[in-house]
Amino acid sequence: MNQIELIPAIDIIDGKCVRLTKGDYARKTVYNDDPVQVAQKFEEMGFRRLHVVDLDGAKSKHIVNSEVLRRITTETSLTVDFGGGIKTEEDICIAFDNGAAMVTVGSIAVTHPDLFLSWIERFGADKMILGADVRNGMISINGWKEDSNEALLPFLKKYVEHGVKNVLCTEISKDGTLAGPAIPLYQEIMTAYPGLHLIASGGVSCTDDILELQRKGIPAVVFGKAFYEGKINVKELLD
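Quantities reported herein were computed from a predicted structural model and do not represent experimental measurements.

Draft legend 1. The pattern of salt bridges, seen in detail. One pass over the structure, following the stated rule, counts twelve salt bridges. In this structure, E212 engages R215 in a salt bridge whose closest nitrogen and oxygen atoms are separated by 2.9 Å. Of this pair, E212 and R215 both sit in helix α9 (residues 207-215), three residues apart, which is roughly one turn of that helix. One salt bridge connects K216 with E212, and the closest N-O pair in it is separated by 3.6 Å. Judged by relative accessible area, which is 23%, E212 ranks as partly exposed. Look at the salt bridges and you will find they share partners, linking E5, R49 and D81 into a network.

Next up, the structure:
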């Protein structure tokens, strides 16, 4: 059995480490005023990767918290993937210039597919993570505030055919709820596209959820709230 890649998440609003429930900005919990301290703690624990989401950026439709990203990448040695508000090539360059190893792009892949394909061509598929945020089987965009007409599997298909290997799939109804991950959804994706490096996101409530994702062959998992609420045994996972 392959080891699942463990990716803690830091979501940022007003420069602070927060979590939302089901993507609702009105249902926000602040866990730390300094995301850099949180990132350093993750590194000290033994994690190597970090998922950073600029929630202000997702709402504003351009990167807002690039300075926080820069501090995380200069004050830790974590491999950071960065998403939220990436709408232009300039946004991608800002993310990379501030130390991101990869960027997560969701909305643009829905609204401007040719533009996203041009980014894959320019920056390389290994630098791009396709964000597939799902609600009722359909892709949501712009910080989960809008639903698109794109069904999940056909949406993935057109980009897998263009070399996309990294997909971050968030089941919005599960996110921030501690209700358990949408394992059947992730299994469906892996059955259709077994070569994907699929990152499961949303609903992780405890250590056993992550171990179950591993047993089901899901390559990677992002978790946030379960960690911040003390429901994950880090030592057990890293061992």
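Draft legend 2. Structural view of the packing of helix α4 (residues 89-97) against helix α6 (residues 113-123). Orientation of α4 relative to α6, taken along the N-to-C sense of each, is 40°, at an axis distance of 11 Å. Relative to α6, the element α4 is oriented oblique. Of the two elements, α4 crosses α6, and the hand of that crossing is right-handed. Along the contact surface, α4 presents E89, I92, C93 and F96, while α6 presents W119, R122 and F123.

Rules used throughout
Residues numbered from 1 in each chain as written. Predicted model: local features only at pLDDT ≥ 70, side-chain atom pairs only at ≥ 80, totals over all residues. Heavy atoms only, no water. Salt bridge = Lys/Arg side-chain N within 4 Å of Asp/Glu carboxyl O. Helix = DSSP H or I, 4+ residues; strand = E, 2+ residues; numbered from the N terminus. Buried < 20%, exposed > 50% of the residue type's maximum accessible area, 1.4 Å probe, protein only. Axes fitted to C-alpha atoms, helices over the stretch in contact; angles between N-to-C directions. Parallel < 35°, antiparallel > 145°, perpendicular 65-115°, else oblique. Left-handed = near helix turned anticlockwise from the far one by under 90°. Contact = heavy atoms within 4.5 Å.

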